[in-house]
Amino acid sequence: MYTQAVSSIDQVQWDAQDLIPAVAQDIDSGEVLMLAWMNREALAKTLDTGYAVYWSRSRQSLWFKGETSGNTQRIHQIWLDCDADALLLQVKAQGGIACHTGRPSCFFQALPNPHSTNTSKNAENTDTPSPTVEPFISERAPFSYNAILHQLATLIQSRKNQSAEHSYIARLFALGDDALLKKIGEEATEVVLAAKEAAYTGKEATSKLVSEMADLWFHCLIVLGRFDLPPTAVLQELARRQGVSGLEEKARRSNPLDSSTSH
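Calculation criteria
Residues numbered from 1 in each chain as written. Predicted model: local features only at pLDDT ≥ 70, side-chain atom pairs only at ≥ 80, totals over all residues. Heavy atoms only, no water. Salt bridge = Lys/Arg side-chain N within 4 Å of Asp/Glu carboxyl O. Helix = DSSP H or I, 4+ residues; strand = E, 2+ residues; numbered from the N terminus. Buried < 20%, exposed > 50% of the residue type's maximum accessible area, 1.4 Å probe, protein only. Phe/Tyr/Trp six-rings, centres within 6.5 Å; stacked < 30°, edge-to-face > 60°. Lys NZ or Arg CZ within 6 Å of the ring centre and 35° of its normal. Core = buried A, V, L, I, M, F, W, Y, C linked by side-chain atoms within 4.5 Å. Contact = heavy atoms within 4.5 Å. Patch = residues over 30% accessible without salt bridge, like charges linked within 9 Å, V, L, I, M, F, W, Y side chains within 5 Å. Areas by Shrake-Rupley, 256 points an atom, 1.4 Å probe, with all protein chains shown as cover. Axes fitted to C-alpha atoms, helices over the stretch in contact; angles between N-to-C directions. Parallel < 35°, antiparallel > 145°, perpendicular 65-115°, else oblique. Left-handed = near helix turned anticlockwise from the far one by under 90°. Nonpolar A, V, L, I, M, F, W, Y, C, P; charged D, E, K, R; others polar. Pairing = 2+ DSSP bridges. Polar contact = N/O pair within 3.5 Å; in protein donor to acceptor, adjacent residues only side chain to side chain. pLDDT = per-residue confidence, 0-100.

This structure, assessed with the given rule, holds nine salt bridges. Here Asp-18 ties to Arg-40 by a salt bridge, and the two come within 3.2 Å at their closest N and O atoms. Of this pair, Asp-18 sits in the segment before strand 1 (20-26) while Arg-40 is found in helix 1 (residues 40-49), placing the two residues 22 residues apart along the sequence. Classification of Asp-18 by relative accessible area gives partly exposed; the value is 30%. Taking the shortest distance from any N to any O, the salt bridge between Glu-187 and Lys-183 comes out at 3.5 Å. Separated by four residues within a single helix, Glu-187 and Lys-183 lie in helix 4 (residues 177-201), roughly one turn from each other. Ionic contacts of the salt-bridge type, sharing partners, join the residues Lys-183, Glu-186 and Glu-187 into one network.

All right, on to the packing of aromatic side chains then. Overall, the coordinates contain one aromatic pair when judged by the stated rule. For the ring pair Tyr-54 and Trp-63, a centre distance of 5.4 Å and an interplane angle of 50° mean the geometry is tilted. For Tyr-54, a relative accessible area of 0% corresponds to the buried category. Among the residues examined, Trp-63 registers a relative accessible area of 27% and is labelled partly exposed. The ring of Phe-108 is capped by Arg-103, whose NZ or CZ atom sits 3.9 Å from the centre of that ring. For the cation-ring pair, Arg-226 lies above Phe-227, with the distance from its terminal atom to the ring centre recorded as 4.6 Å.

We now examine the nonpolar core. Among the nonpolar cores identified, the biggest contains 20 residues, and Met-38, Leu-43, Tyr-54, Leu-87 and Leu-89 are the most heavily contacted of them. If you list the elements that add at least two residues to this core, you get strand 1, strand 2 (32-38), helix 1, strand 3 (53-56), strand 5 (73-80) and strand 6 (87-93). Per element, the largest residue contribution to this core is four residues, and it comes from strand 2. Apart from the residues lying within four places of it in its own chain, the contact partners of Met-38 are Trp-14, Asp-18, Leu-19, Ile-20, Ala-22, Leu-43, Thr-46, Val-53, Tyr-54, Trp-55, Leu-87 and Leu-89.

A few words now on a nonpolar patch on the surface. Side chains of Val-32, Leu-35 and Phe-107 sit close together on the surface and give an oily, nonpolar patch of about 250 Å² of accessible area. Of note, Leu-35 is situated in strand 2. Looking at Leu-35, the relative accessible area reads 46%, which means it is partly exposed.

Here we take up the packing of helix 4 against helix 5 (residues 206-226). Helix packing for two helices is described by the angle between their axes and how far apart those axes are. Close contact between helix 4 and helix 5 brings their axes to 8 Å; oriented N to C, the two are set at 160°. With respect to helix 5, the axis of helix 4 lies roughly antiparallel. Of the two possible hands of crossing, helix 4 and helix 5 adopt the one that is left-handed. Taken together, the residues of the contact of helix 4 with helix 5 sort by class into 14 nonpolar, two polar and nine charged.

With that settled, consider the sheet that holds strand 2. With respect to topology, four strands assemble into an open sheet ordered 2-1-6-5, the strand pairing being mixed. The open sheet is flanked by strand 2 and strand 5, the only strands paired with a single partner. Here the strands of the sheet are splayed against their neighbours by 25° on average, with no regard to which way each runs. The pairing of strand 5 with strand 6 spans seven bridges and is classified as antiparallel. Residue pairing across strands places Leu-80 opposite Leu-87, the latter belonging to strand 6. This element, helix 1, spans strand 2, strand 5 and strand 6 of the sheet and lies at about 120° to strand 5.

Once that is clear, we can look at the side chain of Ser-29. Looking at where Ser-29 falls in the secondary structure, it is placed in the loop between strand 1 and strand 2. A distance of 3.2 Å separates a polar atom in the side chain of Ser-29 from the backbone nitrogen of Glu-31.

Another aspect to go through is the confidence of the model for the protein chain. When the pLDDT values of the protein chain are averaged, the result is 84; 82% of them are 70 or greater. Confidence over residues 119-141 falls short of pLDDT 50; this stretch has 28 contacts with residues more than four positions distant or in other chains.

Here it is in structure tokens:
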């Protein structure tokens, strides 16, 4: 991805009130957490402390996010958009709550959308939507594939020390590495068989392939959890390889003196 360094905050295009909107995004899950505002002092303090500091328009004062609740946002990276009039804060959210309602994200009210493919039980199931339909409220933040991986990884970590009688994940950990790795082999075999079946019987069998692949990915996440590795470690490795030939990668891997990898 192309990036360009910003030399100073003087490049920020402030609005008439000397403010700029700042969107906070969880660096691990990719979830959009909240929208707030910053003035020059708030941005300067954010850069200085490494934690999100906003400007409260209602109180007309600095707002150190999580100062009283403990739900702080540690800064990973700050991005300035193409017009230099909006900020994206990629943060490590502490406490799991970003919204004053106690939810993990401030974005939990979905407007009715007649073109949506959302199959949620909350979604309206009508052919002609009414403009008076109220937005439905979901306890879940906006859908994110990265968020699913993050949530599963968090769940796996939480199961490590639980009773094997009540948790499948805890049972696998209790059985030891050999049993866990054997499970990876079994699930990989199921993927191969499902792929072969789909190849012979056609597209109608691909749903089984997807299901078996989900099983394999899930157990791979457990293996990562065994070594306290987040799924983002794999995503970062894939990103690092992006743009280079897979043939070149294979050639490099065949050379034990060259440890670099690529696609």
